[in-house]
Amino acid sequence: MTDLIKYAGGFAGDSYTDNIRLFRQFGREKQIYTIENQDFDLFRVFDGDAFTVGAILNRFENKAEIRGAVYRKGLYQINEDTRTIKDLIEQADGLQGDVFMNRAHLFREKEDLSIELISVDLNKVMTGESDNLALANNDVLRIYSIHEIQEEGVVSIYGQIARPGNYSFTENTTIEDMIVKAGGLLEAASYAKIDVARRIKDPRSLDAPSELTIMYSLELEDGELRGDYHQFYLEPFDMIYVRRSPQYYKQSNVALRGEVIFDGNYALIKKNERLSDLVYRAGGLTRDAYVKGARLVRYMNEEERKQKRDAVRLADRGVGKDSISFADLDQGERYMVGIDLEKALENPGSEYDMVLRQGDVLTIPEYINTVKVNGAVMYPNTVLYEKGANLRHYVDQAGGYGYLAKKKKAYVIYLNGNVSKFKWSSHKTIEPGCEIIIPSKEHRRGRMDTLEFLRMTSSLTTLTALMATTVRLSQDAKK
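Residues numbered from 1 in each chain as written. Predicted model: local features only at pLDDT ≥ 70, side-chain atom pairs only at ≥ 80, totals over all residues. Heavy atoms only, no water.

**Q** Explain the overall build of the chain residue by residue, including any values.
**A** Looking only at helices and strands, one finds ten helices and 25 strands in the chain. Here the chain, with 479 residues, has 32% of them falling under the buried criterion. A fraction of 60% describes how many contacts in the chain between residues 6 or more apart in sequence connect residues 24 or more apart. (Helix = DSSP H or I, 4+ residues; strand = E, 2+ residues; numbered from the N terminus. Buried < 20%, exposed > 50% of the residue type's maximum accessible area, 1.4 Å probe, protein only. Contact = heavy atoms within 4.5 Å.)

Next up, the structure:
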């Protein structure tokens, strides 16, 4: 047996060497033997014998572990020098400064392999006031930090700050410290009002409070707090709000294009600057300006985008045959505002004199002496404007009405963006540069047009001829 072990290169490092199992074929059935190590030299090997060398158990017979708020966490040997909880703590180089001394936990493995929890008062153990509990194999001592058993404190800062958000709480932190930690104040920040909201905490209270939060309003001067709060220290869960200065505004630009003395981009000087103010600042109109055709293009703000999304959702449901189509509503971020610049210049500050806002583009064109005719006409066309001419005159120059034209629903789109239903009683509805739209009726399948009638007649003729030929061939076959 010993020779066989040598031939196999000897035992591996994790081998269990106290005994070896032997499997032998003998007689009618197999046999198994347990060979103790003192019998290795005496045991004879036969043909077909198979030996199995087991591994040592994956467990310790003298291990204790310490975790948590000590300097050297890990596994330690239980021996003469390390027999008790206090010995184990000393082996781990002692307790850290943030240790929670009132309670630690010892997890002990019982004989049935279940775990028993034993509470330990570290204060009494370290001072010798209580019994120093002896260690057992596989004991795990868990020592807690005061930060583990308390909710982690944060301080939040919002508003006109470079990096708003939540920051870990630290003792003796001031407003000034938090501003530096959060990247400093933005240009729009107010020094006159910085608010701090503080939690109301009373763990022994039995009544609901009438107030939910304590508010502090602070003021900065030269980067430091003024007044009674110059030594204001933050507490866990404080929320800081850096307000926007009421005197801070970014430049708002508008554009003026076309027939003015100085066109280009202009910054709004005041909040309620109007059309007439902008034209005045641009040096006034040129002699070629067509004031009635002035138009204003505006970019949507957030509220208008929301209204547009709501309108698109309603239109997409397709309620009713006259509902607006989805494609007609989804026209991008810009839209035209109907203005009357002529009345605005005649009556500055009136309701016609619209207040401008960021991104507005005012265009004042030259005189345009044409009229567009579109929609349900035979040949959509652009024709010369004739003063006093009526709707029929312009429709005739577009080849007349189409078959499906809604003559009574005609309307006019003006250069300034206004839309008006056509007034049959007055030729003044049509102005230079406008566009006449003739709507179209819905095509109905119930009424047959000429082309469809000819196609059906041709099909019936063909079918009649085919049936006559079939009858004639049948009669010839009987003869």
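Following the structure, the description resumes.
**Q** Report on the layout of surface pockets, specifying residues and quantitative values.
**A** Estimates place the volume of the second largest pocket at around 310 Å³. Lining of the second largest pocket is provided by H147, Q150, E151, E152, G153, S168, F169, T170, E171, K201, P236 and F237. For the lining of the second largest pocket, a count of residues per class yields three nonpolar, five polar and four charged. (1 Å grid on protein atoms, 1.4 Å probe; cavity = no way out; pocket = protein on both sides within 12 Å on 5 of 7 lines; lining within 4 Å. Points joined across faces, edges and corners; volume = space filled by probe spheres on them. Nonpolar A, V, L, I, M, F, W, Y, C, P; charged D, E, K, R; others polar.)

**Q** So what about the environment of Y290? Which residues, and what values?
**A** Within the secondary structure, Y290 sits in the loop between α5 (275-281) and β18 (295-299). Beyond its immediate sequence surroundings of up to four residues, Y290 is in contact with I364, P365, E366, Y367, I368, L415, E431 and P432.

**Q** Which residues make up the sheet that holds strand β19 (residues 334-337), and what are the values?
**A** Spatially, β17-β16-β20-β18-β19 is the arrangement adopted by the five strands of the open sheet, whose pairing is mixed. Two strands lie at the open edges of the sheet, namely β17 (264-267) and β19, each paired on one side alone. On average, adjacent strands in this sheet sit at an angle of 25° to one another, irrespective of strand direction. Bridge analysis of strand β16 (residues 253-258) against β17 gives four bridges, and the strand direction is antiparallel. Looking at β17, one finds that A255 is bridged to N265. (Pairing = 2+ DSSP bridges. Axes fitted to C-alpha atoms, helices over the stretch in contact; angles between N-to-C directions.)

**Q** Which residues make up the packing of aromatic side chains, and what values do they have?
**A** Under the counting rule described, the total for this entry stands at three aromatic pairs. Pairing Y216 with F232 gives two aromatic rings, centres 5.1 Å apart and planes at 65°, and the pair type is edge-to-face. Note that Y216 is positioned in strand β12 (residues 213-218) and F232 in the loop between β14 (224-225) and β15 (239-244), a separation of 16 residues in sequence. With respect to burial, Y216 and F232 carry one shared label: buried. Between R199 and the ring centre of F237, over which it is positioned, the NZ or CZ distance is 4.0 Å. (Phe/Tyr/Trp six-rings, centres within 6.5 Å; stacked < 30°, edge-to-face > 60°. Lys NZ or Arg CZ within 6 Å of the ring centre and 35° of its normal.)

**Q** Help me get a handle on a positive patch on the surface, residues and values and all.
**A** Residues K406, K407, K409, K421 and K441 make up a contiguous surface patch of positive charge. Residue position: K441 is located in the loop between β25 (435-438) and α10 (450-478). Judged by its relative accessible area of 43%, K441 is partly exposed. (Patch = residues over 30% accessible without salt bridge, like charges linked within 9 Å, V, L, I, M, F, W, Y side chains within 5 Å. Areas by Shrake-Rupley, 256 points an atom, 1.4 Å probe, with all protein chains shown as cover. Salt bridge = Lys/Arg side-chain N within 4 Å of Asp/Glu carboxyl O. Lys, Arg positive; Asp, Glu negative; His and termini not counted. Charge placed at Lys NZ, Arg CZ, Asp CG, Glu CD.)

**Q** How would you sum up the sheet that holds β15? Please name residues and give values.
**A** As summarised here, the arrangement of the five strands in space is β10-β9-β15-β11-β12, forming an open sheet in which the pairing is mixed. In this open sheet, the two edge strands, each paired with only one partner strand, are β10 (165-168) and β12. Taken pair by pair, the neighbouring strands of this sheet meet at an average axis angle of 20°, ignoring direction. Here strand β9 (residues 154-159) pairs with β15 via four bridges, running parallel. Within β15, the residue paired with G159 across the bridge is V242.

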